[in-house]
Amino acid sequence: MANQRPPSPGYSITMTPSNPGMSTPHTERSPIRPPLLTPAAPRFPPQQLQQEHLASPLIRNPNLQSPPNGLHSGSPTPHMSTPPGPPVFTSPVRPAAVPFRSSPASPQPVAFSSGSSLPASSPPHFSNGSGDLQHHVSDSAEDSTSTGKVPYVLFSAQKVMKQKRQANVPSLAFGALVSPGREVSVGPQILQRDPHRCQNCGAYANFYCNILIGSGQWQCVICRKLNASEGEYIASSKEELRNFPELSSPMVDYVQTGNRRPGFIPVSDSRMSAPIVLVIDECLDEPHLQHLQSSLHAFVDSLPPTTRIGIILYEESVASADVLPGDKSPTQESLKALIYGTGIYLSPIHASLPVAHTMFSSFRPYKLDVPEVSRDRCLGTALEVALALVQGRSSEMSRGIVKRSGGNGRIIVCAGGPCTYGPGSIPHSFTHPNYAHMEKTATKWMEHLGREAHRNNTVVDILCAGTCPVRIPILQPLAKASGGVLILHDDFGEAFGVNLQRAATRAAGSHGLLEIRCSDDILITQVVGPGEEAHVDTHESFKNDAALLIQMLSVEETQSFSISMETKNDIKSDHVFFQFAIQYSNVYQADISRVITVRLSTVDSVSAYLESVQDEVAAVLVAKRTLLRAKNHSDAIDMRATIDERIKDIALKFGSQIPKSKLCRFPKELSLLPELLFHLKRGPLLGSIVGHEDERSVLRNLFLNASFDLSLRMVAPRCLMHREGGTFEELPAYDLAMQSDTAVVLDHGTDIFIWMGAELAADEGKSAATLAACRTLAEELTESRFPAPRILAFKEGSSQARYFVSRLIPAHKDPPYEQEARFPQLRSLTAEQRTKLKSSFLHFDDPSFCEWMRSLRVGFREHLFLTANCFASWDLTTFASTAKRLTGRLSTHYPVRDMAGGESKKSNANAGGKKKDVKKETGLGLSNKKDENFGEWYSEVVVSGEMIEYYDISGCYILRPWAMAIWDIMQGFFDAEIKKMKIKNCYFPLFVSPGVLQREKDHIEGFAPEVAWVTKSGESDLEVPIAIRPTTILLHLSGVASFFGRKVILLATKEEADAEVLDILELYRRIYEEYLAVPVIKGKKSELEKFAGGYYTMTVEAFIPDTGRAIQGATSHCLGQNFAKMFEINFENEKGEKAMVWQNSWAFTTRTIGVMIMVHGDDRGLVLPPKVSSVQVIVVPVPYKDADTQGIFDACTATANILSEAGIRAEVDLRDNYSPGWKYSHWEMKGVPLRIEIGPKDFAKNQVRAVRRDNSAKSDIPQASLVEQVKKILADIQQSLFDAAKQKRDACIQIVKTWDEFIDALGKKKMILAPWCDEEEVEKDVKAQTKGEMGAVKTLCSPFDQPELPKGTKCFASGKPAKKWSYWGRSY
């Protein structure tokens, strides 16, 4: 075979979608080839696919180049929409020294002969061991074999390790993906004869067999035995053997059509197709019914004229041309009368198209006033009737062809709800006393029906849509056992219609059997895919046949098998062989035996093996093995941890230790694998994106059977950015791709997202053209994908954008050098553009890829070997932080104190004396500065300061002990104070019923989008879902009628309620000002900003000068009697009368800790007030060479003990694996208020050196007055922090009296005090007029301390008479 080498890996690819006006060559089709193009244009245009099969610059040793125009020879002329024009792909050039992932494109399959008439528009070719396929019979044999482009077999590596110990590393899966189903037609490679097979093991003669020319004997590559060829392989020369297709190509198809079926008459593809029966749910409401009708009309219009179609309707009865009762299975007599009666139940489209349209138009909405879930649906009976029709008399004959009954029929179910009537039914409600048993019985019945369909060569596809639960566990076994699929849709609209068409037109074979044979050194350990092990005894024909036989439920090109392998022993030979034989009957009842033989080289070198690993194939193999074990959400969580361990194990087994670090370097040869598995961990298959277990189950089953292309996209999305001129640039799937002036297409397998940047969306004409181009691209990417994905488009900033962002790796939190290493395009952005980009990100708590790798203590190649120009413009501090992040160590100089405690001076060449042997230390630093990038600084400081740890559920995080200690101190103070007010504590459940939410609509309205619902208990669906309460008030009010509870307080009179609101507000102020050293303003919220449904709300407001935003510190609500009336909470007063209570609600949260961090933190980390710091004083020894180290250590311990006994929270850091300089930075990062250092001179003088965290002031303290002076310093730190914060806050307050002054102050990020008329409409108008990128302005509070309001003062916004002074500003 002539293998041309491609350009270097840095080449760029240009891909132009097909042009309707372009002349494209077509391959000649066989007379029995099934129709690929329909005569009538469907209402849902077929989505043409070209880009999905791009060659990738990441593919190692590719054998073929794409044609210059990007189109594969033989591709049918695609149908493109005209308005946007054809998009063009331009993959960015990869920068030197920084591996850039252009895309995880399809790897390249084993090379096949062009004689095999396979679909030409297929994925690109890549070497899979077939570079070694040198035919022994002739030195020029390679030249005679051209390469094909169908990925039948993809191995995870092109080489095999000889050593068993190194080969069998479970974390790095070795195996293959086999896609057995492809359409074939008669051609040079198709043989009308029986194959030659080894009489010992059953293997087939193939491309790699040694042939004895004189005798015609051939040697089996599997068992190495000689076999006779009945004289066929006797040749006069080696060249003559090339006339045998099986000896000239590693893949060959054997087709038998006439030897066992003399009555078989081939017909043209336009004359015949498999029968299709539609089973349609009639229990639909108006909106769903209209969408379904449109989809059905488009469906029948898309079918070829000769397609035979049947239509069955069901609700509580089954209707075709006759009506059958749905409460029981039809009898044989009724089915016989149905099939042999006067009605025609399978009619060709050309004769029945008007009738079908009339039937669909006659559908009417469900008339009874019954909830969807409670409607009677006899789906089981309908399926039995459909199966009988496919097997019956009308399916046996078609013009010009005689077929076996039921041959390759397809039943397509359009379901809007569960089967609740007749055979295979379940109760309407989960609360039915016998539900569990009936569910088990129904599941078995459906599975049995699926197996019966499979025995009759009929596939059942179930297309579900709507909002009614269809009870996936019942229907999934039916589809799976028949070889079909179950697909969920949001509605019966476009995506449903496209899948309806593709379900009917995709080619499928039956009676499939997959035989796998391999060299004796290879052991098959696991097979995952659409089949089950077949127990067929072949030993009568072949004495030592060790093949693994798999019965395939259906044979389709959209499916594949994942085969995991190991080596049994150390391998001594230079090659190992694998042979895959697929036997099946195609849609025309021709028996096909497809034989694929692969030879892989064996190597001793680990690096040679790793170089041959195909990251994408390995990732898919790992993913399928992982998903097989993730049967439910709990298993999925366990599998995420398994992925972590897998990455660490690969780094340990194949990586190397980073010098002077605890990190292990991940092997550079597998650079794509970690990122692919990180996508798997975060994505819908294992992550928390998919909320409902039924949807996760459907995705899991689809993924386990899916082809390589779809599997890879489901694991890791593909990101394409729209550029000027209609081009698309492929980028890593990171949130850094979300630039406001562009559009992004994200292909995630079952979903495609089109994201429009805000700036682009603002230009109506440009955005429309861009959206059309993106839509065209999305349709082309998924032309041959089944099921067809949802295509969702939305604008930046919309609520739906979170669905898009959650699929991207959150890289915006990474420091610049890591962003640029993974996303080189950022280097071209100006500082202004970079800042603008960062400000647009939606912030999630999920870790970035870099953070994840660091958490595993695994170093990554791009991060460890940065080029010097990455640091060219960075200062020393940034480099220190960078180096620390790279290696886990510190790498810059930290000022080291001499023996007297002073700082050492820089050495001078002219200075006398011996140079001190001082160990250089490093400083821990933040990569973001507070005044430059506040959001990034905050995200970094809370993690680096050990306050929180990210969790694997978005929006959730872990409070680490350092933060929890602060919370405990504040909670202890507050709890003690409210106990003085005679308030007692109690706990309430986390859950609340829907009834409680419904009773309090006004209150819950603001929380509704955030309410999380529990819908499943174990394996059973809850009849009534349970909400996770968005606020504690609901639960407390619904259950508090007979006792008093914390947070919601019941009082007898308004006066008591008013007094308590203010008492609690004062406790808030004390927490903020006396403990957290944060100044706050006490005041009252406006009617628009008060608690929904409450009487009034009091608040303490804080302000963050660095961002110019206020933050609501804590609120105390008076609920009045509104909720008491709603929940009927009353009491008997002193007069013996029944009266409604007055209620208050109040609480503070961990938000208080965040406010403290934002106010006091600096560029070195946290700054904690002494009152809340769990460690008020840290004692650090500063030993020196030849000093009394033990004496210094003992002095430090004694100092910490003295302070602790005096009630000061003190600790000593005696770790000997860290230097003093490292400890200084570490404790500064954690914000400890006071550091005490003891060096040799301090020890000698019986003193300590004290260093304050707030202002870095240093002082020497004698041991004799240690406690007294330390207490004084801590008190001064507490007061200084408050004073400094108040001074900054007050400097940001500006009094204004006019609108112009208001806008000017707003631009300066001020907290504005203005006279106001106290009218809600004016407040709304101010909000509307100040909307922008920074957010709208609102009232913060009307302060209790009101300045004098001179008579005649006007409202700054409306000009009406002012009633009060109010604070205004933007807020968090």
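Here's what I pulled together on the structure shown here. The model shown is predicted, which means the values in this text are computed figures rather than measured ones.

Overview of the sheet that holds strand E38 (residues 991-992)
Pairing in this open sheet of three strands is antiparallel, and the strands run E38-E40-E39 from one edge to the other. Across the chains shown, the open sheet's two edge strands, defined by having one partner strand only, are E38 and strand E39 (1012-1017).

A look at a nonpolar patch on the surface
There is a patch of nonpolar side chains on the surface, built from Tyr951, Ile953 and Ile958 and spanning about 240 Å² of accessible area. Position of tyrosine 951 among the secondary structure elements: in the loop between strand E36 (948-950) and strand E37 (957-959).

With respect to the packing of aromatic side chains
A complete count under the given rule lists 32 aromatic pairs for this structure. Ring centres 5.1 Å apart and planes at 80° place the aromatic pair tyrosine 233 and phenylalanine 244 in the edge-to-face group. Here tyrosine 233 is found in the loop between strand E9 (226-227) and helix H2 (238-241), whereas its partner phenylalanine 244 is found in the loop between H2 and strand E10 (251-256), with 11 residues between them in sequence. Just as tyrosine 233 is buried, phenylalanine 244 falls in that class too. Where tryptophan 1299 meets phenylalanine 1302, the ring centres are 5.3 Å apart and the plane angle is 20°; that geometry is what we call stacked. Residue tryptophan 1299 and its partner phenylalanine 1302 are both found in helix H36 (residues 1299-1307); the two are separated by three residues, about one turn of the helix. Here tryptophan 1299 falls in the partly exposed class, since its relative accessible area comes to 23%. Within the aromatic cluster, the residues linked to one another by ring pairs are Trp967, Phe974, Tyr1068, Trp1146 and Phe1148. Over the face of the ring belonging to tyrosine 1372 we find arginine 1109, whose NZ or CZ atom lies 5.8 Å from the ring centre. Here lysine 1171 stacks its cationic end above the ring of tyrosine 1075, 5.0 Å away from the centre of that ring.

What to know about the pattern of salt bridges
Applying the stated criterion across every chain, the model contains 58 salt bridges. Its salt-bridge partner being aspartate 1106, residue lysine 930 comes within 3.5 Å of it at the nearest N-O pair. Of this pair, lysine 930 sits in the loop between helix H23 (876-887) and helix H24 (934-944) while aspartate 1106 is found in the loop between strand E43 (1096-1104) and strand E44 (1109-1120), placing the two residues 176 residues apart along the sequence. Under the relative-accessibility criterion, lysine 930 is labelled buried at 8%. Of the residues examined, aspartate 1106 reaches a relative accessible area of 33% and is grouped as partly exposed. Here aspartate 1260 ties to arginine 1249 by a salt bridge, and the two come within 2.7 Å at their closest N and O atoms. With aspartate 1260 in strand E52 (residues 1258-1262) and arginine 1249 in strand E51 (residues 1247-1252), the pair connects residues that are 11 residues apart, well separated along the chain. By relative accessible area, which is 39% here, aspartate 1260 ends up partly exposed. By relative accessible area, which is 13% here, arginine 1249 ends up buried. When salt bridges with common partners are traced through the structure, they connect Glu977, Lys980, Glu1066, Arg1069, Arg1070, Glu1073, Glu1074 and Lys1082 into a single cluster.

Procedures and definitions
- Residues numbered from 1 in each chain as written.
- Predicted model: local features only at pLDDT ≥ 70, side-chain atom pairs only at ≥ 80, totals over all residues.
- Heavy atoms only, no water.
- Pairing = 2+ DSSP bridges.
- Helix = DSSP H or I, 4+ residues; strand = E, 2+ residues; numbered from the N terminus.
- Patch = residues over 30% accessible without salt bridge, like charges linked within 9 Å, V, L, I, M, F, W, Y side chains within 5 Å.
- Areas by Shrake-Rupley, 256 points an atom, 1.4 Å probe, with all protein chains shown as cover.
- Salt bridge = Lys/Arg side-chain N within 4 Å of Asp/Glu carboxyl O.
- Phe/Tyr/Trp six-rings, centres within 6.5 Å; stacked < 30°, edge-to-face > 60°.
- Buried < 20%, exposed > 50% of the residue type's maximum accessible area, 1.4 Å probe, protein only.
- Lys NZ or Arg CZ within 6 Å of the ring centre and 35° of its normal.

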